[in-house]
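A closer look at the structure
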Amino acid sequence: MKKNRYYLFSKKYFPGGVNSPVRAFKAVNQPPVFVKKALGTTLYSQNGEKYYDFINGWGALILGHGNKRVNSSAFKQLKNGSLFGLNSIVEAELADRIISAFPSIELLRFTVSGTEAVMTAIRLAKAFRGKRKIIKFEGCYHGHLDYLLSAAGSGLATCSIPTSGGVFKEQLKDIIVLPFNDLKEVKKTFAGQKNNIAAVIIEPIAGNMGVIAPQKSFLQELKNICEKAGALLIFDEIITGFRASFGGAQAIYKTFPDLTCLGKIIGGGFPIGAVGGRKEILKLLAPEGDVYHAGTFAAHPVSMAAGSAAIDELKRINPYKRMKEMTGQIADETKKIASKRQIPLQVNRSSSMFTFYFNNNEVYDFKSAKNSDVNKYAKFFALLKREGILLPPSQFESCFLSAAYDWRDVEKILSKINDVFKKM
Ligand SMILES: *Cc1c(COP(=O)(O)O)cnc(C)c1O
């Protein structure tokens, strides 16, 4: 009990003792970790434990914890004031870096969270097209908006709509949920609903049902279908922006959406979101147009300064190839270790994102992901945690590597994984 005293203390103040559900570790039947500090690859818990962190702020911290250049940029901004509620040049400085990396973005608007960026993107798409229906994909998470919570992913979805209390069927009337990687269903839906569909929103590389990459030409076909039907294509690159590559998943798959949502990495560890895209669409936003979005903390100066420094650092050290190789090594070796012990395991990976699915079969959509053995995952999680490696506390979340990892870490991690599989 004593070991849980921070949890008990927090439970007095917060539902479930947390401020975001996944932090409760319910899906792995463990008490939550309370972090005291974090540096580089490592989390230090309030109880004195030390972990290799594979969560990395849910992907936001691509440079690892406490990057010196990012911190110093944030401190420098803070010395000039934390909030103005007015313009400051740090906003355009970050926007310039983003627009240089994403050719599909001509104008953008900063928000405080990813959820808010998606909300604004959907509103823009509906206004631009004058239509109301939105297609989303099963297992993709786009924030906690009422109408996008259907089959959302993050382990909370069961395919039954709605998946949140307080969301009523009528609110989901305009949302069509289709299986990821299934072009046939997309075509069928467009054939029946063509004239009502304002937009298709997708995580181009899914990261919220574990990692699932799009099958060959899926995204490009999706783009072609949208173009033909006059629907907008929205990429939710809140995880993959500056992660899948410097230019996101769109640069890798060479498929460019009408609107892009960004978040996580672009804030350098501080709260942020952004929606960007074609000029003619973004121009609909107030005050230029009549689509409303506003925010006291929108484009927060410290987030702007930290985000610019993070992007500069990514450009300077270009860690993408190395991170991908390290991720590949972890994935391939773990798979070998598991198969030697005849434990069914799929390791999906894309750039520096990866997921260990305890599953006999290939995982390519939400249904196949859901076939995984969550009890085995919970066991794996608990054993690895004891060895000082912290996986995301759910089978349906991605692991993230950061640029703070090196090959020595990879070796240590693999040796720990090897030990753990002996006890599985
Ligand atoms: C994290 C995330 C969001 C929501 O962003 P918040 O900043 O948590 O509101 C939306 N879409 C995707 C793909 C995400 O991973």
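Below or above, wherever it landed, is the structure these notes cover. (Residues numbered from 1 in each chain as written. Predicted model: local features only at pLDDT ≥ 70, side-chain atom pairs only at ≥ 80, totals over all residues. Heavy atoms only, no water.)

A separate point is the overall build of the chain. Along the backbone of the chain there are 13 helices and 14 strands. Taken against the 2.2 N^0.38 rule, which gives 22 Å for 424 residues, the C-alpha radius of gyration of the chain at 21 Å falls within 12% of a compact globule. The buried share of the chain, reckoned over its 424 residues, is 56%. Once local pairs closer than 6 in sequence are excluded, the contacts in the chain between residues at least 24 apart make up 72%. Mean positive and mean negative side-chain charge positions of the chain (59 and 36 charges, respectively) differ by 5 Å. (Helix = DSSP H or I, 4+ residues; strand = E, 2+ residues; numbered from the N terminus. Rg over C-alpha atoms; globule rule 2.2 N^0.38 Å. Buried < 20%, exposed > 50% of the residue type's maximum accessible area, 1.4 Å probe, protein only. Contact = heavy atoms within 4.5 Å. Lys, Arg positive; Asp, Glu negative; His and termini not counted. Charge placed at Lys NZ, Arg CZ, Asp CG, Glu CD.)

Here the focus is the sheet that holds strand S12 (residues 353–357). One open sheet accounts for 3 strands, arranged S11-S12-S14; its pairing is antiparallel. Both outer strands of the open sheet, strand S11 (346–350) and strand S14 (399–400), are each paired with one neighbouring strand and no more. Here S11 pairs with S12 via 5 bridges, running antiparallel. From the neighbouring strand, Arg349 faces S12, where its bridge partner is Phe354. (Pairing = 2+ DSSP bridges.)

It helps to recall that an α-helix has 3.6 residues per turn; residues three or four apart then point in one direction. When the terminal C-alpha atoms of helix H10 (residues 320–340) are compared, their 30 Å separation across 21 residues agrees well with the 30 Å that a helix rising 1.5 Å per residue should span. Within the span of H10, buried status applies to Tyr320, Met323, Met326, Thr327, Gly328, Ile330, Ala331, Thr334, Ile337 and Ala338. Looking at the packing, one finds that the buried side of H10 touches helix H9 (301–317), S11, S12 and helix H13 (407–422). Two residues or fewer after H10 comes Gln342, characterised by a positive phi angle close to 55 degrees. (Expected span 1.5 Å × (residues − 1).)

Let's shift gears to a nonpolar patch on the surface. Residues Phe9, Tyr13 and Phe14 make up a contiguous nonpolar surface patch of about 320 Å² in total accessible area. The residue Phe14 is located in the loop between helix H1 (5–11) and strand S1 (35–39) in this model. (Patch = residues over 30% accessible without salt bridge, like charges linked within 9 Å, V, L, I, M, F, W, Y side chains within 5 Å. Areas by Shrake-Rupley, 256 points an atom, 1.4 Å probe, with all protein chains shown as cover. Salt bridge = Lys/Arg side-chain N within 4 Å of Asp/Glu carboxyl O.)

Moving on, we come to the site of the ligand. Surrounding the ligand, one finds Ser113, Gly114, Thr115, Tyr141, His142, Gly143, Glu203, Asn208, Asp236, Ile238, Ile239 and Lys264. Take Tyr141: an N or O atom from its main chain is 3.2 Å from a nitrogen atom of the ligand. Separating an oxygen atom of the ligand from a side-chain N or O atom of Asn208 is a distance of 3.2 Å. Protein burial of the ligand: of its 380 Å² of free accessible surface, 83% is covered by the chains. Partitioned by chemical class, the residues of the shell around the ligand number 3 nonpolar, 6 polar and 3 charged. (Near = heavy atom within 4 Å. Polar contact = N/O pair within 3.5 Å; in protein donor to acceptor, adjacent residues only side chain to side chain. Nonpolar A, V, L, I, M, F, W, Y, C, P; charged D, E, K, R; others polar.)

Right, let's get into the nonpolar core. If you look at the biggest cluster of nonpolar residues, it comprises 67 residues, and the most contacted ones within it are Ile98, Phe110, Phe242 and Phe356. When residues no more than four places from it in sequence are discounted, the contact partners of Phe356 are Ile330, Thr334, Leu345, Gln346, Val347, Tyr377, Phe380, Leu391, Gln395, Cys399 and Ile417. (Core = buried A, V, L, I, M, F, W, Y, C linked by side-chain atoms within 4.5 Å.)

A few words on the pattern of salt bridges. Applying the stated criterion across every chain, the model contains 15 salt bridges. In this structure, the salt-bridge partner of Glu227 is Lys223, at a minimum N-O distance of 3.5 Å. Highlighted residues: Glu227 and Lys223, both in helix H6 (residues 218–229), separated by 4 residues, approximately one helical turn. Judged by relative accessible area, which is 56%, Glu227 ranks as exposed. Lys223 sits in the buried class, given a relative accessible area of 15%.

Applying the stated criterion across every chain, the model contains 16 aromatic pairs. Aromatic side chains Phe242 and Phe246 sit 5.0 Å apart centroid to centroid with 90 degrees between the ring planes, which places their arrangement in the edge-to-face category. For Phe242, a relative accessible area of 0% translates into the label buried. With centroids separated by 5.6 Å and ring planes inclined at 75 degrees, the aromatic side chains of Phe354 and Phe356 adopt a geometry described as edge-to-face. Each residue in the set Tyr52, Phe54, Phe354, Phe356, Phe358, Tyr377, Phe380, Tyr405 and Phe421 is aromatic and connected to the rest through ring pairs, giving one cluster. Looking at Lys37, its charged tip hangs above the ring of Tyr44, at a distance of 5.1 Å from the centre. (Phe/Tyr/Trp six-rings, centres within 6.5 Å; stacked < 30°, edge-to-face > 60°. Lys NZ or Arg CZ within 6 Å of the ring centre and 35° of its normal.)

Scope: geometric values only; no functional claims are made or implied.
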